[in-house]
Amino acid sequence: MARSKSSNRWLEEHVNDPFVKQAQVDGYRSRASYKLLEINKKDRLIHPNMVVVDLGSAPGGWSQVAAKLVGHKGRVIASDILPMDAIAGVDFIQGDFTENDVFESIMATLGGDPVDVVISDMAPNISGVTVADQAASMYLVELALDMASQVLKPKGSFLAKVFQGEGYDEYLKSVRAVFDKVVVRKPDSSRSRSREVYILGKGFKG
Ligand SMILES: C[S@@+](CC[C@H](N)C(=O)[O-])C[C@H]1O[C@@H](n2cnc3c(N)ncnc32)[C@H](O)[C@@H]1O
């Protein structure tokens, strides 16, 4: 069967994408690294010695950035449903975040350490059915916010990728309810035709 026009277009875009090329030069596993770097530069999110939880971490672009920023005295706990090759300074838990035992494994790995920042780039596999994809994606970010609310230290921060659509406004409201300051970021490295944005909450009310 011949490839569809849209998958050819994706391949062309991917090959010519400056962030894909830059990731190869800089040794990052994904172009997503630049989204976190851009947001971090503007919003000063991750600092040395911090404890960071990275949800939906594979192949590891954000974890690489976070590990570098926290340094050898910090910690990064990463999790994804897919496997991820090891990264120095990163503890990885593989499993479906919608399953309670994955939540429990992350908690056990934290061992009671208070968390400074929870970041989530989780996105479900796209089925093509927009309503179902949006619902699945909102469920993941709700679970991420729930974890953040349980592990963050007071004044901690939360960053999550959210797709604009059904449930977005309510979600933004629920983030506003638990953080002092909430902003929505669309980094240059996020493709403009994608409905993804990044919601950043700072100053967890505890
Ligand atoms: C955009 S990718 C993350 C890229 C990553 N931040 C990076 O910088 O390399 C989204 C990730 O969410 C993960 N994901 C989707 N559903 C998940 C689930 N139920 N539990 C855990 N991870 C999930 C996918 O496997 C995928 O690796």
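Definitions and cut-offs
- Per chain, residues are indexed from 1 in the order of the written sequence.
- At least 70 in pLDDT is required for a residue's local features to be given in this predicted model, at least 80 for side-chain atom pairs to be given and counted, and no such filter applies to totals for whole chains, interfaces and linings, which use all residues.
- Derived side-chain values reflect all non-hydrogen atoms in the structure, with water molecules and hydrogen atoms excluded from consideration.
- Counting from the N terminus, the helices are the DSSP runs of H or I reaching at least four residues and the strands are the DSSP runs of E reaching at least two.
- Accessible area is worked out with a 1.4 Å probe on protein chains only. A residue is then buried under 20% of its type maximum, exposed over 50%, and partly exposed in between.
- By definition in these notes, contact holds between two residues if any of their heavy atoms fall within 4.5 Å.
- Between N-to-C directions, angles cover 0 to 180 degrees, with each direction set by a line fitted to C-alpha atoms, over the stretch in contact for helices.
- Under this scheme an angle from 65 to 115 degrees is roughly perpendicular, one under 35 degrees roughly parallel, and one over 145 degrees roughly antiparallel; angles in between are oblique.
- Asp, Glu, Lys and Arg are counted as charged, while Ala, Val, Leu, Ile, Met, Phe, Trp, Tyr, Cys and Pro are counted as nonpolar; the rest, among them Gly, fall into the polar class.
- Salt bridge, as used here, is a side-chain nitrogen of Lys or Arg placed within 4 Å of a carboxyl oxygen of Asp or Glu.
- Each residue carries a pLDDT score, the predictor's confidence in it, ranging from 0 to 100.
- For two strands to be treated as a pair, DSSP must find no fewer than two bridges joining them.

### Examining the environment of Phe 163
Relative to the elements of secondary structure, Phe 163 occurs in strand S5 (residues 152-163). Under the relative-accessibility criterion, Phe 163 is labelled buried at 16%. Distance in space between the C-alpha atoms of Phe 163 and Ser 33 is 18 Å, their sequence separation being 130 residues. Apart from residues lying up to four places away in sequence, Phe 163 is in contact with Ala 123, Gln 134, Ser 137, Met 138, Tyr 168, Ser 194, Arg 195 and Glu 196.

### Concerning the packing of helix H3 (residues 33-43) against helix H4 (residues 61-70)
Running from amino to carboxyl end, H3 crosses H4 at an angle of 40 degrees, the nearest separation of the two axes being 7 Å. On the basis of the axis angle, H3 is oblique to H4. Listed contacts from H4 to Ser 33, Lys 35, Leu 36, Leu 37 and Asn 40 of H3 are Gly 61, Trp 62, Gln 64, Val 65, Ala 66 and Leu 69. Partitioning the contact of H3 with H4 into residue classes produces six nonpolar, four polar and one charged.

### Examining the pattern of salt bridges
On inspection of all chains with the given rule, the structure shows 10 salt bridges. Where Asp 91 meets Arg 75, a salt bridge forms, and the shortest distance between an N and an O atom there is 3.1 Å. Of this pair, Asp 91 sits in strand S3 (residues 90-94) while Arg 75 sits in strand S2 (residues 75-80); the two residues are 16 residues apart in sequence, bridging distant segments of the chain.

### Some details on the confidence of the model for the protein
Predicted confidence across the protein gives a mean pLDDT of 94, with 97% of residues reaching 70 or more. This prediction of the complex comes with two scores: 0.94 for pTM and 0.99 for ipTM.

### With respect to the sheet that holds strand S1 (residues 51-55)
In spatial order, the strands read S3-S2-S1-S4-S5-S7-S6; together these seven strands make up an open sheet with mixed pairing. In this open sheet, the two edge strands, each paired with only one partner strand, are S3 and strand S6 (179-185). Taken over all neighbouring pairs, the strand axes of this sheet differ in orientation by 15 degrees on average, direction set aside. As judged from the five bridges shared by S2 and S3, these two strands associate in the parallel manner. From the neighbouring strand, Val 76 faces S3, where its bridge partner is Val 90. Contacts from H4 reach S1, S2, S3, strand S4 (115-120), S5 and strand S7 (196-204) within the one sheet, and its direction differs from that of S2 by about 170 degrees.

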